[in-house]
Amino acid sequence: MTKRPLGTALGALGAMIGLGVVAGVLVTAMIAPALAVTGLATNNSIGMFENLPSYVKPDALAEKTNIYAVDAASNPVLLASVFEQDREQVGWDQISQFAKDAVVATEDPRFYSHGGVDIMSATRAALQNSVEGDGPGASTISMQYVRNILVQRAGAIGDEGERAAALDDATKTTVDRKLKEMRLAIGLEKEYSKDDILLGYLNIASFGGRVYGIQSASKYYFGVDASRLSLAQAASLIATVNEPNGLRIDLPENLEANKARRDADVLAAMLDAHAITKAQYDEAVATPVTPTITPPSTGCQTANPIGAGFFCDYVTNLMRNDPAFGADAESRWENVTTGGYQIYTSLDVDLQSSAQSVLNEYVPMSSDVLDLGASLVTVQPGTGRVLAMAQNKYFNQDPDAVAPDNTAINYATDYDLGGSTGFQVGSTYKMFVLAEWLKAGHSLNEVVNGSPQRFDQADFADGCTGGSSGSYAPSNDGGANPGRVSVTTAVQDSVNNAFVAMAEKLDQCEIRKTAEAFGVHRADGSPLTEYVADVLGTNELAPLTMAAAFAAIANGGTYCSPLAIDRIVDADGQDLPVPSATCSRAVEPPIAAAMAYAMTRVVTAGSGTLSNPDDGVPHIGKTGTTDLEKDTWFVGSSTKLTAAVWVGNVQGSVSLRHNTIAGRNGGDLRHHVWREFMTVADGKYGGDEFPEADPGLVQGSQTRVPDVTGTTLAEARQRLAAAGFDVDEGGATDSSIGAGRIASSVPAAGESAPAGATVTVVASNGALRVMPDVIGSPTDQAAATLAALGLGPVTFVDAAGAVDARPGTVVRSSTAAGSDIRPGDRIALTVDASAVTPGR
């Protein structure tokens, strides 16, 4: 507010001092009957007047706080307003002259000529009081402004008892209160110009209900700015000033009374003051009071048309939890609802509208099959900015209007931010096991046992709790029995037993810590657990938590906490510090790249192919399904956007997979939602290739398979285990090696295989013999040697291949020396009859 120019103030100083004395005398006269009744002397009243404070400085007015999103052109879009008093302060030039003239003509015709107390009105009131004992209060605009300032100040007091006492002191009908108003009004006029006082009055005045100030009143009652008020509209609003709730025009029963005061008091006064012409007066009087009630965006339910009610509620809860707004939740919210802040959020209206549209298409708001809930939340990798937050319900905080299609619970967020206690995340949690696996030096190409098996929990290391006992026998989805699989395949096909087998080689405490490095925490605020079963996602988390965690994978391993507020501007137009995202390294970039390498295959060839937009933008992702299929998830990302979709039971344990919802399999709804939403998101934000994975993290260390030929099975197991391999028995095969000993292996001896790979060993059944070398031997000696080994029959032939029974020397054999041969197989020996060994 602009102070009165110094020259003017000095010029009027003498007059004001004199006026103060005169006003004191007039006030004394006006209240003399009351003083007589109370036994106070007139001199006492004058002393009371002189001892009052001389000046009250207008406080910052309580103003509504507005919450905005941004549209495609980066323009602010109002989501909602929150307030104790619906007030929007405006400047002098933003108020219709009709409104200014109306309030002066009606409330204080000599406003521009008196010094805070109207001597003529006070004299008239004093005379009337002396005759009748009761009469008008002669309150000027300046005095009413003072009273409103004191009422406003009282309302801001935190202590309920002190607040009530201050409010009573500001409004009670007593001599000392009237004296105080007069003295403070005189002091106010010494400090501020008339126009500033009138402007302050129009901005602070109550217009009924929670509507305060001429601008909010104009918008609420007539749907126009204060600058565009017509004469009839301005007069109707000013008519309510002295009786805001009795003459407010949003109540039909008040319209007749409002028009009566408008015409007889306000318009008539304006005509008498020559503020309007007779023609304007007649036209206005002939105009009915026709309000156009335009409720403000009160509360987050007004953001429901684009499905942003839950995001709006998330923002308000962030402010309740942010120390920047106050010492505790109560004071923070009071500051928010009275501070006149402009809150600019991260919400992308385009994405939000698309998210809500897709959810509306695929997931009904309620179902006869189950207590159906669904959430879609989008986070920007690298910034943590929350770009969309949709739900299959209307946001509604009215407990009397609860229905299956609405709720006040935000499924996307933590409990203390207006959310639920979370949902089990199923196999999406496996990605944190994968991260720890790679951190521990393992690779994607390592092979683990994915078949259903029973684990001894005592074999699982836990550096924090010491571990647990008992057995654990998880099943694979659909009862699958894939055998030994690479870790890449385990990720692609979401093989439960493979991940538990991986966890058996890790420390469970370290798995939890790695998850926490990705920002993972329970939605109910309790500590994250690290039981063996937690590997498969039994902790209950919020979708926003999972979206932010997966965004870290897309961001090269750097986690950024979710961020919903981009900018805060206070009532004075000054930018305030905003809560910033906290970014920290969850895993090193090569680990994140290797994770993305495996997760890409989930979308292109694995359990998440139904989620694949197939639009040319690379994606990573992971499916999640809990026991009984009560919760289903798909969390995935491009390099630009990460989205988490949860569809499940809000309460209860009805299988989604085994039920049809809105004509589709319930277990597939998450995929439809993610695919359709990301198709739109990719069209706006695009996406790049993910970084290439380090070959060492994909292939891992390669080890040569040792030669175990001829060893016993026990010896082969020992030798292969020492080299880092698992062993599988491949049965028996025909071999000349002694029966029961190892004849071969797959991979073969000398070949390379990744650590942890399975080497299949094949035993010999001893059914074969080794062909002896009989070349150069006489025919009779060769026949004897073969017969001794049980080989044959033997046929001797000549060089032309004809049977030749003549004695001679063996020069060729149909079976090479040293090769395996089965007894009973025919052997052809070529004989040179001319080369008979002498003496034989």
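That block above? That's the structure.
Predicted model only: the values in this text are computed from it and were never measured.

Draft legend 1. Looking closely at the state of the cysteines. Scanning all chains against the criterion turns up three disulfides. The partner cysteine of Cys 300 in its disulfide is Cys 312, sulfur to sulfur 2.1 Å. Between Cys 300 and Cys 312, the S-S torsion sits near -65°, and that sign places the bridge as left-handed. With Cys 300 in the loop between α12 (278-285) and α13 (309-320) and Cys 312 in helix α13, this residue pair connects regions lying 12 residues apart in the sequence. In terms of burial, Cys 300 and Cys 312 fall into one category: buried. The disulfide partner of Cys 560 is Cys 583, and the S-S distance across this bridge is 2.1 Å. Handedness here is read from the sign of the S-S torsion; for Cys 560 and Cys 583, about 115°, the answer is right-handed. Here Cys 583 lies in strand β17 (residues 583-585) and Cys 560 lies in strand β14 (residues 558-560), a separation of 23 residues in the sequence. Under the relative-accessibility criterion, Cys 583 is labelled partly exposed at 41%. Sequence-ordered numbering of the bonded cysteines in the protein chain gives a pairing of 1-2, 3-4, 5-6.

Draft legend 2. Spatial organisation of the sheet that holds strand β19 (residues 631-637). Read across the open sheet, the five strands follow the order β5-β4-β20-β19-β18; overall the sheet is antiparallel. Each edge of the sheet is formed by a strand with only one pairing partner; in this case those strands are β5 (386-391) and β18 (620-625). Each strand of the sheet is rotated relative to its neighbour by a mean of 5°, with strand direction disregarded. Set on the sheet, helix α21 (residues 589-605) makes contact with β18 and β19; between it and β18 the angle comes to about 65°.

Draft legend 3. Highlighting the packing of helix α9 (residues 214-222) against helix α10 (residues 231-239). Axis separation between α9 and α10 bottoms out at 11 Å; the angle between their running directions is 115°. In this view, α9 runs roughly perpendicular relative to α10, as classed from their interaxial angle. The chirality of how α9 crosses α10 is right-handed. Touching Ile 214, Ala 217, Ser 218, Tyr 221 and Phe 222 of α9 are Gln 233, Ser 236 and Leu 237, all from α10. Considering only residue class, the contact of α9 with α10 consists of five nonpolar, three polar and no charged.

Draft legend 4. Expanded view of the sheet that holds strand β30 (residues 809-813). Read from one edge of the open sheet, three strands run β29-β32-β30, paired in mixed fashion. The sheet is open, and its two edges are formed by β29 (794-797) and β30, each paired on a single side. Neighbouring strand axes in the sheet, compared pairwise and without regard to direction, differ in orientation by 40° on average. Both β29 and strand β32 (residues 827-832) contribute to a ladder of four bridges, which runs parallel. From the neighbouring strand, Val 794 faces β32, where its bridge partner is Ile 827. Sheet strands in contact with helix α25 (residues 779-788) are β29, β30 and β32, and its direction is about 165° off that of β32.

Criteria and cut-off values
Residues numbered from 1 in each chain as written. Predicted model: local features only at pLDDT ≥ 70, side-chain atom pairs only at ≥ 80, totals over all residues. Heavy atoms only, no water. Disulfide = S-S within 2.5 Å. Helix = DSSP H or I, 4+ residues; strand = E, 2+ residues; numbered from the N terminus. Buried < 20%, exposed > 50% of the residue type's maximum accessible area, 1.4 Å probe, protein only. Pairing = 2+ DSSP bridges. Axes fitted to C-alpha atoms, helices over the stretch in contact; angles between N-to-C directions. Contact = heavy atoms within 4.5 Å. Parallel < 35°, antiparallel > 145°, perpendicular 65-115°, else oblique. Left-handed = near helix turned anticlockwise from the far one by under 90°. Nonpolar A, V, L, I, M, F, W, Y, C, P; charged D, E, K, R; others polar.

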